[in-house]
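Now for the letters of each chain:
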Amino acid sequence: KDIFWIAGAVVFGAILSTLLISIAEIINAFILFHFARYLGRNFVEHHLKKKSENLDDRLANINFFWLFIMRLVPLIPYRFLDLGMGLTKIHFRRYLTAVLLATHIRVFWVQYILAAVGKNILNKPELLIDYFLQDKALLIFSLIYLALVILVAFRLKHKD
C-alpha cells in the first residue's frame, strides 16, 4: 500500500491524496475491526481466558487521548491496531472516533512530505533532509510528532 501513498502524493497532491487515502483507511478500519470482532473475539476469549482479561480490560478502558495517540503515531501499524482493537471489548464507536480524528492528521503529514519531495525522494533521499531544513513549520511539526511517538513507546513499555 505504501506505493499507493507515494503515487497518490505525486499524482493528486497532498490534500486530495490525503482525502482518498483517509477514506480507504477508515473503510479498512471498519472492516478489520469487525472482522476481528466477529471471527476472532470468541477464539481469544475461549483460548486465552485469564491471560487476555487484563489486557482486554486495559484496552477497553483506555483513555481516549491514548487511543487517539496510538492511532496517530506510526509506531503501531493501522492493520494491527484495527485487528487488535477488534479483539478487545472496546466499543466500536469510541474506536471509530479516534480513527476519524487521527487518521487524517497522520496521512496528511506523510502526503505533504511526499507531494513536496515527489519522485526525487526515490532518486535522491538527501533531498528530504534539505526539504525539512527549508520548511521550519514542517520540521517543528515533525519533531512534535516524534515526541508523541516516543511518549507512546514509553507508555506502552511501562504499562506491562
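Since we're looking at a predicted model, the values are computed, not measured.

Caption draft 1: Up close: the side chain of Ser22. Take Ser22: it is sitting in helix H1 (residues 2–39). What makes Ser22 buried here is its relative accessible area of 0%. What Ser22 contacts, discounting residues up to four positions off in sequence, is Thr103, His104 and Val107.

Caption draft 2: Examining the packing of aromatic side chains more closely. Going through the model one piece at a time under the given rule, you end up with 5 aromatic pairs. Pairing Phe33 with Phe92 gives two aromatic rings, centres 4.8 Å apart and planes at 50°, and the pair type is tilted. Here the residue Phe33 occupies a position in helix H1, and Phe92 occupies one in helix H5 (residues 92–117), the gap between them amounting to 59 residues. The burial state of Phe33 is the same as that of Phe92; both residues are buried. Ring centres of Phe108 and Tyr112 lie 5.6 Å apart, and the angle between their planes is 40°; this geometry places the pair in the tilted category.

Caption draft 3: Local environment of helix H4 (residues 78–87). Among all positions in H4, only Tyr78, Leu81, Asp82, Met85 and Gly86 are buried. The buried residues of H4 occupy an angular sector of 130° when the element is viewed end-on, so they sit on one face.

Caption draft 4: Spatial organisation of the packing of helix H3 (residues 64–72) against H4. Where H3 contacts H4, the two axes come as close as 9 Å, and the packing angle between them is 145°. Here Leu67, Met70 and Arg71 of H3 lie close against H4, whose contacting residues are Tyr78, Leu81, Asp82 and Met85.

Caption draft 5: Structural view of the confidence of the model for the protein chain. With 81% of its residues at a pLDDT of 70 or more, the protein chain has an overall mean of 80. Within the protein chain, H1 carries the highest mean pLDDT (89), whereas helix H2 (residues 41–60) carries the lowest (65).

Caption draft 6: Seen up close, the nonpolar core. With 30 residues, the main nonpolar core has Leu67, Ile69, Met70, Leu72, Met85 and Tyr95 as its most contacted residues. Secondary-structure elements contributing two or more residues to this core are H1, H3, H4, H5, helix H7 (126–134) and helix H8 (136–159). Counting residues per element, this core draws most heavily on H5, which supplies 8 residues. Trp5, Ala9, Ile21 and Leu114 belong to the second largest nonpolar core, which has 6 residues in total.

Caption draft 7: Layout of the packing of H4 against H5. The contact between H4 and H5 brings their axes to 13 Å, and the two run at 175°. When the axis of H4 is compared with that of H5, the two are roughly antiparallel. Contacts between H4 and H5 pair Tyr78, Leu81, Asp82 and Met85 from the former with Tyr95, Thr103, Arg106 and Val107 from the latter. For the contact of H4 with H5, the class distribution of residues is 5 nonpolar, 1 polar and 2 charged.

Caption draft 8: Spotlight on H3. In terms of residue burial, H3 counts as a mostly covered element, since 7 of its 9 residues are buried. Taken together, the buried positions of H3 are Trp66, Leu67, Phe68, Ile69, Met70, Arg71 and Leu72. Between the side-chain oxygen of the N-cap and the backbone nitrogen of Phe65 there are 2.7 Å, and the N-cap of H3 in question is Asn63.

Caption draft 9: Representation of the pattern of salt bridges in the model. In the structure shown here, the tally under the stated rule is 2 salt bridges. Two residues, Glu25 and Arg79, come together in a salt bridge whose shortest N-O distance is 2.8 Å. Linking Glu25 in helix H1 with Arg79 in helix H4, this pair joins segments that are 54 residues apart in sequence. Residue class for Glu25 comes out buried when judged on its relative accessible area of 2%. Exposure remark for Arg79: the relative accessible area of 26% places this residue in the partly exposed category.

Basis of the calculations
- Residues numbered from 1 in each chain as written.
- Predicted model: local features only at pLDDT ≥ 70, side-chain atom pairs only at ≥ 80, totals over all residues.
- Heavy atoms only, no water.
- Helix = DSSP H or I, 4+ residues; strand = E, 2+ residues; numbered from the N terminus.
- Buried < 20%, exposed > 50% of the residue type's maximum accessible area, 1.4 Å probe, protein only.
- Contact = heavy atoms within 4.5 Å.
- Phe/Tyr/Trp six-rings, centres within 6.5 Å; stacked < 30°, edge-to-face > 60°.
- Arc of directions from axis to C-beta.
- Axes fitted to C-alpha atoms, helices over the stretch in contact; angles between N-to-C directions.
- pLDDT = per-residue confidence, 0-100.
- Core = buried A, V, L, I, M, F, W, Y, C linked by side-chain atoms within 4.5 Å.
- Parallel < 35°, antiparallel > 145°, perpendicular 65-115°, else oblique.
- Nonpolar A, V, L, I, M, F, W, Y, C, P; charged D, E, K, R; others polar.
- Polar contact = N/O pair within 3.5 Å; in protein donor to acceptor, adjacent residues only side chain to side chain.
- Salt bridge = Lys/Arg side-chain N within 4 Å of Asp/Glu carboxyl O.

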